[in-house]
Amino acid sequence: MLPLLAKAEYPTAPLDLQIQVGWLVLLCLTLMMVWAWTRSEALRRALFAREDPRMWALFRIGLGLITIQNFWNLNMHWRMLWTDEGLFTASETRSRLARTALSGWTEVDGFLDGWAVLKFFWGKYSLLFIDSDPVFVRVYLAILLIALVLFTIGFRTRITAVLAMLLINSLYNRNAVFLEGHDTVFRCTWFLVLFARTDAAWSVDNWLRRRRERWLASAIGDGTKVAAVPFDWRHFFDRAGHWLWGGLWAWLFCVKVEFNPQTVYMVVIGGISVCAIVGLVERERRRAAAGQGKLTLELSRFQLVAAWPRYLYVAQLVCIYSATGLYKTGSVWKRGDALYYALNMDHFYRFEVVTQWVSVYLATNMFRLMTWVTLYWEKLFALVVIGLILRWRHLHRDTDWYRAMEAKRWRVWLGRAALLGAYAVVYRTITLAYPWCLALQKDKSPTPAGPGLANLNLFFAVVIPVLVVAWFVLGRWPIPIGRLLARVSRGRFASAKIDQEFVRSWVFGRRIWLGLGCVFHGILLVTMNIGMFPVIMMWMYVVFFEAKPFLIAGRWLKDKLRQRKFTSLFAPKLLDRALSEEPGVLETTAQSLRRDPTGPWWLDPWRLVMGPIELLRTRKRDALVTTVERGRDRGGRIPDALVLGLGLAAVGLVVLRGLEAKTDDPGEGATKAEFVADVRDRDGDRDQQRAEVEARKARIERLGDAGHWWVYAGLAIAAASHFRRRPAFDRLPDGAEPEPTEAATTEAATTEPEATKPEAATPAVTLAEPQLIGGTLMRTIVFGFMLYHCGAVGTTFIPRFSVTQAWRSEARKVFGDWVRGTNQSQSWKMFAPNPPRGNGFMRTVVIDDDGKPYQVGKDHYSERPYVFWYNDRERKMHRRMIGKSKWYLRYWGQYHCRDWALNNDGHMPKEVRVFKLRTPIPKPDDLAAAGVASDPRERKLRTELIETHRCDERVVTPIMKQRRGWSLTEEDQQWFEDELERMHRDAEGTRANWAKREDFGGVPREQRNEAVK
């Protein structure tokens, strides 16, 4: 497996080799696309399935609680981190961190226009860039807490989730000194949760839905009286409530930044108007159905939701673990000592004395085994995806749709050939790139690649082929082991055998990979004080499962709690229905198809086109019923030939773009390809060179336009394909619509709707499982988004070796705006390539006017408990400031000058001194040989002065004095006048620069120059 780039020097690969590796990567992706196309039906069923929403409800509750705890741990440092009296003043924050986000904002005008607001939120935004007054920050944190609580209970869940994500990212972007690995996990998790239906179970939103549906069922009665069908006011208020809830927060933002909220008013009024129109159309449709005797309401406690966001979480988790494992290439990991050093870092261990004594006996044996298991578990974590694919095949291989897919043998063999070809390409790519991924030796000579290549050849040419052959052999001739196990298990496993299912479960199964993850993170949680990282990582495991395992576990726990009187309070009766899998609790596939056959109306071309036409043609409201009934069968597949054609067209565009690279190597150590903007033939004629550059630019622009047209063509084909009928196993047969019954209508208002069985009046319907979501256009948009997002995240993990240099930056340009705009930038180099092998602390000392030193805050060396019960992020901040980010030290000293003055009636100290304290961690072999625990408080301490900051009176601004009611001097009054002049001067420059922008509503430079001419 290729090691990823660490801090070392690496050989420079020839340009031709760089280009060759790039083409091989593209070929591999193309072959994988062909394989996926041959399994298109299985891919559709997996990605676009409808599933029980209670897994997402559980995930929502846990995510909300974990996030609350994560930021509660930072409450002690809120003033230093996020206020203008903390580490960064408001002006320092705007000049150093917010230039791009506030490029359309001035202190005089606020946001210059709506485009400036959009640019602010597209990237590293923070509301605290605009105002970081301590009072406002406290209110801000209170709003964040309220938003997280509302999200946890499921109130206006999706809008509240957007609000919470914006508030969370604002804190992260305002000051990064405290960030740890799990904060990146929170960023990614909160972004992806926006696309999941977490509100469909165990939420206030779902409770409100059930109440309004029961009210409507009661009002309709037996469903035969047209006049009895009312306007669904409760549904209208529910829909309008979402617009008002979102509009409220948008309006508060506009008020805070002094931006005209007229656009907010128009959007909210427009949204409510659409809600009213939709409500009227639904009333007329129900009345028409009642007139035809076809009106019925099927009530259920929980409705099926889309499963596709789960796979985005799975892909994200695989990227985290795989990248983390591949970065760990150092000698400490190879020796197996990484866990020992991690546990013995004074900033990480939870129990001081216990850790050192346990290390004496386990450092050279158990810790090394655990280190190697962890290392290869992370490197190979992607195998769990193979397990998920095989599990999907095992569950559905006997269904009609799967058999129909397998019956096309030519596609099966084409898929196998593509998969084999992709494997061969990966093999070739790795063997080509491997020698250039080895760090140079101390004498700058290349590291011999022979031993590593021999291992790679053994792995790819022998081990994997043998395992594949064994897999197919077990499929035909399983190995019975029941007789052997019966001797030791008293006949319990008499029928046991080693077959493909056994291998899938115990080699690729979730029980192995997620089980090891729970053990790994559980040990970290118990023995190490590293905050919420193990908690949020284990919580992401929830998305690997459907709801059923959690429901079984919940019912088991509920029964156990009810066995004791004092614990039965934690198992109320409402859990019976919440955890039940009885008929009527969760809607069936047929009910889901009748409720939502083609997705939302605004993504249903049939209803948008045929509905108005039919209504205008007949001028009767019966046309609404006819349109809906006929539209239930719509939403068929895009023809597979067109899908393949679109995929190959995309590959063709990428190939044409790659051919625009200058691939000739002049032999002067060129290490990268020169793309169109960089081509300069210094020896040629200047006019010819300029013409060549312009010609290539034009070709690149045409390719970009072709890419846009490719997207438009895909959406147009999807919209047209929506008018095709679904396959027979994806639509309800004629006559399957249930007749109005007492149980389905009148009785719904007085009895539990879950107890009704509307399916009893429905003829037996054979529908494919799982059933697909929405219509063709909706599925196409979802699939495109999933591919684009996964591609964007994937490009952030392209190794930074010279063999990828020629095409790495170009690949990232395709997705760079998305990654930056959605705050999805990520790097997973924790303890890589080696963990720290020593302890570092930071001590801050303030020298007052009399020259007397005072230590401020904790240095976490002299003041530390024997047991760390909570995670103090200050230790992380100290490590960052004395390590890779020493530029923080100036602001740290400035902050303590200011903080001392504000807490001592304005008396400014003389200076602030920052010391770096270092203690060694003994080597594990030396510790084992000594046989005695090493006392971390008795180790040799080295102290180094790394920063001396002279305090300046100006760090306490007149604004800070005003907040405390201090008297202002003439110099302070002059400061206000100078500050006002500076604000107007800066505003003029910002307006001029904003007028020249090329993005977000600006005019490209070429067009502007042509207009001038």
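Residues numbered from 1 in each chain as written. Predicted model: local features only at pLDDT ≥ 70, side-chain atom pairs only at ≥ 80, totals over all residues. Heavy atoms only, no water.

- Going by an unreviewed UniProt entry, the chain carries the name HTTM domain-containing protein and comes from Enhygromyxa salina.

## Considerations on helix α35 (residues 874–882)
Next, step 1: Burial of α35 is extensive: seven of the nine residues sit out of reach of the surface.
Next, step 2: Every buried residue of α35 is accounted for by Glu874, Arg875, Met877, His878, Arg879, Met881 and Ile882. (Buried < 20%, exposed > 50% of the residue type's maximum accessible area, 1.4 Å probe, protein only. Helix = DSSP H or I, 4+ residues; strand = E, 2+ residues; numbered from the N terminus.)

## Concerning the pairing of strand β7 (residues 838–847)
Next, step 1: Within β7, eight of the 10 residues are buried, which leaves the element mostly enclosed by the surrounding structure.
Next, step 2: One ladder, built from 10 bridges, connects β7 with strand β9 (residues 911–920); its direction is antiparallel. Within β9, the position partnered with Gly838 by the bridge is Pro920.
Next, step 3: Two elements, β7 and strand β8 (residues 853–856), share four bridges in a ladder whose sense is antiparallel. Residue pairing across strands places Ile847 opposite Pro853, the latter belonging to β8.
Next, step 4: Connecting β7 to the next strand, β8, in antiparallel fashion are five residues, including Gly851 with a positive phi near 80°. (Pairing = 2+ DSSP bridges.)

## Comments concerning the nonpolar core
Next, step 1: Ranked by internal contacts, the top residues of the largest apolar core, which has 142 residues, are Trp82, Leu87, Phe111, Phe120, Phe178, Trp190 and Phe381.
Next, step 2: When residues in this core are grouped by element, the largest group, 10 residues, is from helix α13 (residues 308–327).
Next, step 3: If we skip the residues at most four places from it in the chain, Phe111 touches Gly104, Trp105, Ala116, Val117, Phe120, Ile130, Phe253, Val257 and Phe259.
Next, step 4: Within the second largest apolar cluster, 19 residues are counted, among which are Ile19, Leu24, Ala433 and Ile798. (Core = buried A, V, L, I, M, F, W, Y, C linked by side-chain atoms within 4.5 Å. Contact = heavy atoms within 4.5 Å.)

## What about the sheet that holds β8?
Next, step 1: The sheet built from four strands is open, its strands ordered β8-β7-β9-β10 with antiparallel pairing. The open sheet is flanked by β8 and β10 (942–950), the only strands paired with a single partner. Here the strands of the sheet are splayed against their neighbours by 30° on average, with no regard to which way each runs.
Next, step 2: Sitting on the sheet, α35 is in contact with β7, β9 and β10, with an inclination near 90° to β7. (Axes fitted to C-alpha atoms, helices over the stretch in contact; angles between N-to-C directions.)

## What to know about the environment of Trp202
Next, step 1: Relative to the assigned elements, Trp202 resides in the loop between α9 (181–192) and α10 (204–220).
Next, step 2: Residue classification places Trp202 among the partly exposed positions, given a relative accessible area of 27%.
Next, step 3: In the structure, Trp202 is positioned 779 residues away from Glu981 in sequence and 56 Å away in space, judged by C-alpha atoms.
Next, step 4: The contact partners of Trp202, leaving out residues within four places of it in the chain, are Arg54, Ala57, Leu58, Arg60, Ile61, Ile153, Phe302, Leu551, Ala578 and Leu579.
Next, step 5: Within the structure, Trp202 has its side chain in polar contact with the backbone oxygen of Ala578 (distance 3.3 Å). (Polar contact = N/O pair within 3.5 Å; in protein donor to acceptor, adjacent residues only side chain to side chain.)

## Let's talk about the domain arrangement of the chain
Next, step 1: The domain boundaries assigned to the chain delineate domain 1 (601–636) and domain 2 (838–957).
Next, step 2: Here the C-alpha centroids of domain 1 and domain 2 sit 70 Å apart. (Domains from an automatic or database assignment.)

## Comments concerning the packing of aromatic side chains
Next, step 1: Within the structure shown, the criterion is met by 58 aromatic pairs.
Next, step 2: On the numbers, 5.7 Å between centres and 80° between planes, the contact of Trp377 with Phe381 is edge-to-face.
Next, step 3: The class for Trp377 is buried, based on a relative accessible area of 3%.
Next, step 4: Judged by relative accessible area, which is 0%, Phe381 ranks as buried.
Next, step 5: By way of ring pairs, the aromatic residues Trp122, Phe191, Phe195, Trp308, Phe785, Tyr788, Phe815 and Trp818 are connected into one cluster.
Next, step 6: Here the basic side chain of Lys256 rests over the ring of Phe136, its NZ or CZ set 4.3 Å away from the ring centre.
Next, step 7: Sitting over the ring of Trp606, Arg634 keeps its end group 4.5 Å from the ring centre. (Phe/Tyr/Trp six-rings, centres within 6.5 Å; stacked < 30°, edge-to-face > 60°. Lys NZ or Arg CZ within 6 Å of the ring centre and 35° of its normal.)

## So, unusual backbone geometry
Next, step 1: The linkage connecting Glu769 with the following residue, Pro770, adopts the cis geometry, with an omega of -5°.
Next, step 2: Tracing the chain through its elements places Pro770 in the loop between α32 (686–721) and α33 (776–795).
Next, step 3: For the bond running from Ala832 to Pro833, omega is -5°, close enough to zero to count as cis.
Next, step 4: Within the secondary structure layout, Pro833 lies in the loop between α34 (805–821) and β7.
Next, step 5: Even without being glycine, Asn823 reaches a positive phi, approximately 60°.
Next, step 6: Structurally, the position occupied by Asn823 is in the loop between α34 and β7.

## Overview of the packing of helix α3 (residues 54–72) against α9
Think of two packed helices as two axes; the pair is described by the angle between the axes and how far apart they sit.
Next, step 1: Put simply, α3 and α9 touch, their axes get as near as 12 Å, and they point 140° apart. With respect to each other, α3 and α9 are oriented oblique. α3 and α9 meet at a crossing whose hand is left-handed. Across the interface between the two elements, Phe59, Leu63, Ile66, Thr67 and Asn70 of α3 pack against His182, Asp183, Phe186, Thr189 and Trp190 of α9.
Next, step 2: Its residues placed into classes, the contact of α3 with α9 shows five nonpolar, four polar and one charged. (Parallel < 35°, antiparallel > 145°, perpendicular 65-115°, else oblique. Left-handed = near helix turned anticlockwise from the far one by under 90°. Nonpolar A, V, L, I, M, F, W, Y, C, P; charged D, E, K, R; others polar.)

## Comments concerning the confidence of the model for the chain
Next, step 1: Scored by pLDDT, the chain has a mean of 88; 92% of the residues are at 70 or more.
Next, step 2: Note on residues 739–765: pLDDT is under 50 here. Beyond four places in sequence and across chains, it has 55 contacts. (pLDDT = per-residue confidence, 0-100.)

## Things to note about the state of the cysteines
Next, step 1: Within this structure, the stated rule accounts for one disulfide.
Next, step 2: Between Cys897 and Cys951 runs a disulfide, and the two sulfur atoms are separated by 2.0 Å. Disulfide Cys897-Cys951: the torsion about the S-S bond is -70°, which places it as left-handed. One end of the pair, Cys897, is in helix α36 (residues 888–902); the other, Cys951, is in the loop between β10 and α38 (958–963), with 54 residues separating them in the sequence. Cys951 carries the same exposure label as Cys897, and that label is buried.
Next, step 3: Free cysteine Cys319: the closest other cysteine sulfur is in Cys790, separated by 7.4 Å.
Next, step 4: Here Cys518 is not disulfide-linked; the sulfur of Cys319 is the nearest cysteine sulfur, at 20 Å. (Disulfide = S-S within 2.5 Å.)

## Points about the pattern of salt bridges
Opposite charge on two side chains permits pairing when their charged atoms draw close.
Next, step 1: Using the criterion set out here, one finds 64 salt bridges in the structure.
Next, step 2: For Glu406, the salt bridge identified is with Arg39, shortest N-O distance 2.7 Å. Taken together, the residues Glu406 in helix α19 (residues 400–407) and Arg39 in the loop between α1 (15–38) and α2 (40–47) connect sequence positions 367 residues apart.
Next, step 3: Note on Arg39: relative accessible area 18%, which makes it buried.
Next, step 4: Because the salt bridges share partners, they merge into one network encompassing Glu41, Arg44, Arg45, Arg411, Arg637, Asp640 and Asp730. (Salt bridge = Lys/Arg side-chain N within 4 Å of Asp/Glu carboxyl O.)

## Structural notes on the environment of Ile882
Next, step 1: By the element assignment, Ile882 lies in helix α35.
Next, step 2: Each C-alpha atom, one on Ile882 and one on Phe841, is 7.9 Å from the other, the two residues being 41 residues apart in sequence.
Next, step 3: Filtering out sequence-adjacent residues up to four positions away, Ile882 remains in contact with Gly840, Phe841, Met842, Lys916 and Ile946.

## Regarding the side chain of Arg634
Next, step 1: Inspection of the secondary structure assignment puts Arg634 in the loop between α30 (622–631) and α31 (640–659).
Next, step 2: No salt bridge is formed by the buried Arg634. Its closest oppositely charged neighbour is Asp633, at 6.5 Å.
Next, step 3: Within the local environment of Arg634, its side chain forms a polar contact with the backbone oxygen of Phe723, the two atoms lying 3.0 Å apart.
Next, step 4: Apart from residues lying up to four places away in sequence, Arg634 is in contact with Thr598, Trp606, His722, Phe723, Arg724, Arg725 and Arg726. (Lys, Arg positive; Asp, Glu negative; His and termini not counted.)

## Describing a nonpolar patch on the surface
Next, step 1: Residues Val353, Val354, Trp357, Val358, Tyr361, Leu362, Met366, Leu369, Val373, Leu516, Tyr866 and Val932 make up a contiguous nonpolar surface patch of about 1,100 Å² in total accessible area.
Next, step 2: Elements represented by at least two residues in the nonpolar patch include exactly α16 (352–362) and α17 (366–379).
Next, step 3: Broken down by element, the nonpolar patch gets its largest block of residues, six residues, from α16.
Next, step 4: Within the fold, Tyr866 resides in the loop between β8 and α35.
Next, step 5: Judged by its relative accessible area of 49%, Tyr866 is partly exposed. (Patch = residues over 30% accessible without salt bridge, like charges linked within 9 Å, V, L, I, M, F, W, Y side chains within 5 Å. Areas by Shrake-Rupley, 256 points an atom, 1.4 Å probe, with all protein chains shown as cover.)

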